[in-house]
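Structure at a glance
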Amino acid sequence: MNTLLEKILADCARYTKEGQPASYIPELAKVDPDKFGIFVSAEDGKEYFAGDYTDRFTMQSVVKPLILLQALMDSDTETVRALVGMEATGKPFDAFNYSDQALTGAHINPMINTGAIALCTLIQGSNYQDKFSRLLNLTRRLADNPKLEVNHAVYMSEKMTGNKNRALAYMLKAYGMISAPVEDVLDCYFQACSISVSCKDLARIAHIFANHGVHPVTGEQLFPAGYAKYVNATLATCGMYDGSGEFALNVGFPAKSGVGGGIMGVIPRRMGIGVFAPALDKHGNSVAGMQALAELSKELDLSIY
Ligand code: DON
């Protein structure tokens, strides 16, 4: 398997030259665009890897499934469902051109910025720092990595420049979808996006979603199976934004991308995959990462469709 992963990275390395690392968060533009790593947490709990799989990058939108999971664990499914809908928007992750006169839950989903910002309010905690700490602890637990921390430089960079997210959050507030102070909610969201991980962390988190909440090695049920199905279904339809349909066709399993260059792939009942390559396409998805996942999917027959 490691040989297969190495071959896939070699085959797909040329795609690291296509696309560009994100620059709208200035700190993200500093990354080396040639980085490329992959990690697989497989059926038997065995782990396989190649390339820059220990390199660290920020989760960015890959944290959205964890925000959704924490909101499900801390509120009930109906409350989550009432605040944030389920349908693919077919629009960019930070779109604000909702055509109706009022913004409602039906217009958004948990994998776009408005949905994830709104869901931060459903995490338990007496203030937004507490809410973020709960989310960080959940992320550490699922990744089996107590050392996960926020990349402070990326967090500050996004906090200083994230005016579009501020606009989106004020729109949520204007339409009564959040009531808390916007800056507090955004602080939780920006810190969440800035959690620093490796491909290995993403693969381990993905494997638990794939196993419907059960840790693949210890057998412990870490969260209810129904929540994993909720998250996985959302990833399948909306995880790659307005590239989700094409990804379903070319790769064929639930996945979540982030503008840090990471993609987390969930193959239900089989395995979790983490891949990292920072050059992005126009949707904000890693070009080489998607190619590597497409090739691995073909080799191991991973499409669920
Ligand atoms: O809110 C943002 O714009 C970023 N922190 C995350 C966006 C993102 O990762 C979209 N992904 N492909």
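Below: a short report on this structure. (Residues numbered from 1 in each chain as written. Predicted model: local features only at pLDDT ≥ 70, side-chain atom pairs only at ≥ 80, totals over all residues. Heavy atoms only, no water.)

Some words on the pairing of strand S7 (residues 262-267)
- With six of six residues buried, S7 is to be regarded as a mostly interior element.
- Residues Gly262, Met264 and Val266 line one face of S7 and the alternating positions Ile263, Gly265 and Ile267 line the opposite face, and both faces are buried.
- As defined by bridge partners, strand S6 (residues 255-257) adjoins S7 across three bridges and the pair is classed as antiparallel. Paired with Ala255 across the two strands is Gly265, which belongs to S7. (Buried < 20%, exposed > 50% of the residue type's maximum accessible area, 1.4 Å probe, protein only. Helix = DSSP H or I, 4+ residues; strand = E, 2+ residues; numbered from the N terminus. Pairing = 2+ DSSP bridges.)

Some details on the nonpolar core
- Membership of the largest hydrophobic core comes to 76 residues, with the highest contact counts inside it found for Ile67 and Phe209.
- The residues touching Phe209, leaving out its near neighbours within four places in the chain, are Pro65, Leu66, Leu69, Phe223, Ala228, Val231, Asn232, Met264 and Val266.
- In this structure, Ile38, Ala288, Leu293 and Leu302 belong to the second largest nonpolar core, which totals 30 residues. (Core = buried A, V, L, I, M, F, W, Y, C linked by side-chain atoms within 4.5 Å. Contact = heavy atoms within 4.5 Å.)

What about the pattern of salt bridges?
- Using the criterion set out here, one finds 14 salt bridges in the structure.
- For the salt bridge of Lys164 with Asp94, the shortest nitrogen-to-oxygen distance reads 3.3 Å. Pair noted here: Lys164 is in helix H7 (residues 163-174) and Asp94 is in the loop between helix H3 (77-83) and helix H4 (113-120), with a separation of 70 residues, a long-range link.
- By relative accessible area, which is 17% here, Asp94 ends up buried.
- In this structure, Glu220 and Arg141 form a salt bridge, with 3.6 Å as the shortest nitrogen-oxygen distance. Of this pair, Glu220 sits in the loop between helix H9 (199-210) and helix H10 (225-238) while Arg141 sits in helix H5 (residues 128-143), placing them 79 residues apart in sequence. (Salt bridge = Lys/Arg side-chain N within 4 Å of Asp/Glu carboxyl O.)

With respect to helix H1 (residues 2-12)
- Those residues of H1 not exposed but buried are Leu4, Leu5, Ile8, Leu9 and Cys12. Each buried residue of H1 lies within a common arc of 135° when the element is viewed along its axis, so the set occupies one face. For H1, the exposed residues lying more than 90 degrees away from the buried face are Thr3 and Ala10.
- Structurally, H1 contributes buried residues whose contacts are with strand S1 (37-41), strand S2 (47-51) and helix H12 (287-300). (Arc of directions from axis to C-beta.)

Here's the deal with the packing of H1 against H12
- Look at H1 against H12: their axes get within 9 Å of each other, and the N-to-C directions meet at 135°. Between H1 and H12, the interaxial angle falls into the category oblique. Seen from above, H1 lies across H12 with right-handed handedness. Contact residues: Leu4, Leu5, Lys7, Ile8, Asp11 and Cys12 in H1; Ala288, Gln291, Ala292, Glu295, Leu296, Glu299 and Leu300 in H12.
- Of the residues contributing to the contact of H1 with H12, the split by class is eight nonpolar, one polar and four charged. (Axes fitted to C-alpha atoms, helices over the stretch in contact; angles between N-to-C directions. Parallel < 35°, antiparallel > 145°, perpendicular 65-115°, else oblique. Left-handed = near helix turned anticlockwise from the far one by under 90°. Nonpolar A, V, L, I, M, F, W, Y, C, P; charged D, E, K, R; others polar.)

Structural notes on the sheet that holds strand S4 (residues 149-150)
- Judged by pairing direction, the sheet is antiparallel, and its three strands sit side by side in the order S3-S5-S4 without closing on themselves. The open sheet has two free edges, formed respectively by strand S3 (57-58) and S4, since each of these has just one partner strand.
- Pairing between S3 and strand S5 (residues 195-197): two bridges, direction antiparallel. By the bridge assignment, Phe57 is partnered in S5 with Val197.

Regarding the environment of Pro33
- By the element assignment, Pro33 lies in the loop between H1 and S1.
- Taking relative accessible area as the criterion, Pro33 reaches 35% and is therefore assigned partly exposed.
- In sequence terms Pro33 and Gly261 are 228 residues apart; their C-alpha atoms lie 9.3 Å from each other.
- The residues touching Pro33, leaving out its near neighbours within four places in the chain, are Thr16, Pro21 and Pro278.

Description of the site of the ligand
- The ligand sits among 14 residues. The nearest are Tyr24, Gln60, Ser61, Glu158 and Tyr189.
- The side chain of Tyr189 places a nitrogen or oxygen atom 2.6 Å from an oxygen atom of the ligand.
- Val259 places a main-chain nitrogen or oxygen 2.8 Å from an oxygen atom of the ligand.
- Residues belonging to the shell around the ligand are distributed by class as follows: six nonpolar, seven polar and one charged. (Near = heavy atom within 4 Å. Polar contact = N/O pair within 3.5 Å; in protein donor to acceptor, adjacent residues only side chain to side chain.)

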